Amino acid sequence: MYLNKSFKSKQLRVTISHPCARSTAKPVLKTENKLWLQLMGAPEENSESLHQSSINTAIFALTTMSSLSGNSVVCFAFYRNRRLRTITNFYILSLALADVMVAVFVFPFGTIAYGLGTWPFSHNYCQFTGFLSLFWAVVSLCIMALTSINRYLCVVKPRMYRVLFTKRKTISSILWFWICSFIMSLVYNVAASVTYRWQPYGLYCRPKILDERFERILNIMFAGLTLLSMLLVIFGYSRVYSVVRKHNNAIFPSPGFPNSHRTISAQEIKTSRVLFAAVFAFFICWTPFIVVSILEFGFLVKIPSSIEFIHLLFSTFSACINPVIYGVMNRAMRKEFRSILLCRKG
């Protein structure tokens, strides 16, 4: 009798510890652990090969060095040459300072983390770089929109331009936009309880909100504001293009265009072309980010790591392409760049 009970109890224990019982409990445990890791901000696994990751890291390193060196030369050129300190060039200086900021505090650390496949720095610095990336995007977007307004009023409404865009008012408006962009980024982080976490295929710490629905709404709103700014810029420069075209027809009249339009200085036309090229390149670089944000958060599309790399690469290009545009299209800037690189006195 005792042996039978012992055998039944052993049989019961064997039945309880049967592999089928473990297999039914294991997925639940994995799911709970995965959810807990996501809430704590643990990175997801990187699906890239070592070879591809090395190539991407090298590309990020090159763009980081190009952004830091190119924009530093722009800032030094403004410091050396007082003749470059025109009203419109202050927008160029503002964008260069914003790009130097991320080239120093964000891109190098993101590149190192990308190469290592993990975030080796502190949690607080991840929060700092994430906030700085958001602030950089907002302030760059605002300065680009302000630049288009400047060109629109200069070419289309010259009387209003002379009243609104003095050198002092221009500097004040740029500082005001920097402060407002900082406050907007700070309010976004505090109100939404944002926690930044690094992902293996990312270059910077991305914002993470526990409420996924609220997170999708905020990301779509940011993409929508970026798109709205692009439409504002397109409208402004389309009007500038229309006026410049009429100006050219007035200089070289044809039977369909009488010579009765207000003339525009050649310098203003050249300046508008340079700034339009900078603004156009900026929005080309940020278009992949807008598309990916709408697909990922609006339509819940899973974005492959290769596409994530492309849209991050384009966004870093926006920080290093402006010095190239200024050097190619602006003769005074190109001359100053050559003097700096050849160590000539100003």
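Preceding block: the structure.
The rules behind the values
Residue numbers run consecutively from 1 along every chain, following the written order of its sequence. For a predicted model such as this one, the threshold for reporting local features is a pLDDT of at least 70, and the threshold for listing and counting side-chain atom pairs is 80 or more; totals across whole chains, interfaces and linings nevertheless cover every residue. No hydrogens and no water enter the side-chain calculation; it runs on all heavy atoms of the structure. In this text, helices come from DSSP runs of H or I with a minimum length of four residues, and strands from runs of E with a minimum of two, each type numbered from the N-terminal end. Three exposure classes are used, based on accessible area relative to the maximum for each residue type with a 1.4 Å probe and protein chains only: buried under 20%, partly exposed in between, and exposed over 50%. Whether a set of points on the 1 Å grid over the protein atoms alone is a cavity depends on a 1.4 Å probe fitting there but being unable to get out, while an open set qualifies as a pocket with protein on both sides within 12 Å along at least five of seven lines; lining residues are those with an atom within 4 Å of a point. Grid points are joined across faces, edges and corners, and a volume is the space filled by probe spheres set on the points. Ten residue types, Ala, Val, Leu, Ile, Met, Phe, Trp, Tyr, Cys and Pro, are classed as nonpolar, four, Asp, Glu, Lys and Arg, as charged, and the remainder, Gly among them, as polar. Contacts between residues were defined by any pair of non-hydrogen atoms, one from each residue, lying within 4.5 Å. Pairing of aromatic rings covers Phe, Tyr and the six-membered ring of Trp, with a centre-to-centre limit of 6.5 Å; geometry is then stacked below 30 degrees between planes, edge-to-face above 60, and tilted otherwise. Throughout, a disulfide means two cysteine sulfur atoms within 2.5 Å of one another. Directions from the helix axis toward the C-beta atoms define the arc. Polar contacts, as counted here, are pairs of nitrogen or oxygen atoms within 3.5 Å of one another; within protein the pair requires one atom able to donate a hydrogen and one able to accept it, and residues that are adjacent in sequence qualify only if both atoms are side-chain atoms.

Colleague: Can you walk me through unusual backbone geometry in this structure?
Modeller: A negative phi angle characterises most non-glycine residues, just as the trans form characterises most peptide bonds. If you check the backbone angles, Ser193 has positive phi at about 50 degrees while not being a glycine. Along the chain, Ser193 turns up in the loop between helix H8 (167–191) and strand S1 (195–197). Although it is not a glycine, Cys343 sits at a positive phi angle of roughly 60 degrees. Note that Cys343 resides in the segment after helix H13 (331–341). Of the residues examined, Cys343 reaches a relative accessible area of 71% and is grouped as exposed.

Colleague: Got a minute to help me understand the layout of surface pockets in this structure?
Modeller: Once rolled over the atoms, a probe with the size of a water molecule shows which space is left empty. Considered as a void within the structure, the largest pocket measures approximately 800 Å³ in volume. Along its surface, the largest pocket is lined by 40 residues, and Leu134, Ala137, Val138, Phe222 and Phe289 are the ones closest to its centre. Listing elements by their share of the lining of the largest pocket, those giving two or more residues are helix H6 (123–155), H8, strand S2 (206–208), helix H9 (212–251), helix H10 (266–298) and helix H11 (305–317). Residue composition of the lining of the largest pocket, grouped by class: 27 nonpolar, nine polar and four charged.

Colleague: Even after reading the chapter, I still don't get the environment of Pro323, so can you show me in this structure?
Modeller: Mapped onto the fold, Pro323 is located in helix H12 (residues 322–329). Separated by ten residues in the primary sequence, Pro323 and Met333 place their C-alpha atoms 9.2 Å from one another. Residues within four places of Pro323 in sequence aside, it is in contact with Gly70, Asn71, Val74 and Phe337.

Colleague: Sorry if this is basic, but what is going on with the packing of aromatic side chains here?
Modeller: Pairs of aromatic rings are described using the distance from one ring centre to the other and the angle between the two planes. Per the counting criterion, the structure on display carries 23 aromatic pairs. An angle of 80 degrees between the planes, with centres 5.2 Å apart, marks the rings of Phe60 and Tyr114 as edge-to-face. Separated by 54 residues along the polypeptide, Phe60 in helix H3 (residues 50–80) and Tyr114 in helix H5 (residues 107–116) bring together distant segments of the chain. For Phe60, a relative accessible area of 0% translates into the label buried. With centroids separated by 5.1 Å and ring planes inclined at 55 degrees, the aromatic side chains of Tyr237 and Phe276 adopt a geometry described as tilted. Taken together, the residues Tyr237 in helix H9 and Phe276 in helix H10 connect sequence positions 39 residues apart. Residue classification places Tyr237 among the buried residues on the basis of a relative accessible area of 6%. By relative accessible area, Phe276 is classed as partly exposed at 39%. Members of the aromatic cluster, each reached through a chain of ring pairs, are Phe105, Phe109, Trp119, Phe121, Tyr125 and Phe128.

Colleague: Where do I start with the environment of Met65 in this structure?
Modeller: Along the polypeptide, Met65 turns up in helix H3. Sequence separation between Met65 and Pro108 is 43 residues; the distance between their C-alpha atoms is 8.7 Å.

Colleague: Can you walk me through the state of the cysteines in this structure?
Modeller: Cysteine pairs can be linked by a disulfide, which is a covalent bond between their two sulfur atoms. Counted by the stated rule, this structure contains one disulfide. The disulfide partner of Cys126 is Cys205, and the S-S distance across this bridge is 2.1 Å. What sets the handedness of the Cys126 and Cys205 disulfide is the S-S torsion sign, and at about -130 degrees it is left-handed. Placement of the pair is Cys126 in helix H6 and Cys205 in the loop between S1 and S2, with a sequence separation of 79 residues. No difference in accessibility class separates Cys126 from Cys205, as the two residues are buried.

Colleague: For this particular structure, what's the right way to read the environment of Gly298?
Modeller: Summarising the element assignment, Gly298 is placed in helix H10. Among the residues examined, Gly298 registers a relative accessible area of 38% and is labelled partly exposed. In this structure the C-alpha to C-alpha distance between Gly298 and Ile220, which are 78 residues apart in sequence, comes to 6.5 Å. Beyond its immediate stretch of four places on either side in the chain, Gly298 contacts Ile220 and Ser293.

Colleague: Where do I start with H13 in this structure?
Modeller: Along an α-helix, residues three or four positions apart point the same way, because every turn accommodates 3.6 residues. Taken residue by residue, H13 has Met333, Glu336, Phe337, Ser339 and Ile340 as its buried positions. In a view along the axis of H13, the buried residues occupy a sector of 160 degrees, so they form one face of it. Counted as exposed and oriented over 90 degrees from the buried face of H13: Arg331, Lys335 and Leu341. Looking at the buried side of H13, the elements it contacts are H3, helix H4 (89–105) and H12. The opening residue of H13 is Asn330, an N-cap whose side-chain oxygen sits 3.1 Å from the backbone nitrogen of Ala332. In the stretch just after H13, Cys343 is the one whose phi turns positive, near 60 degrees.

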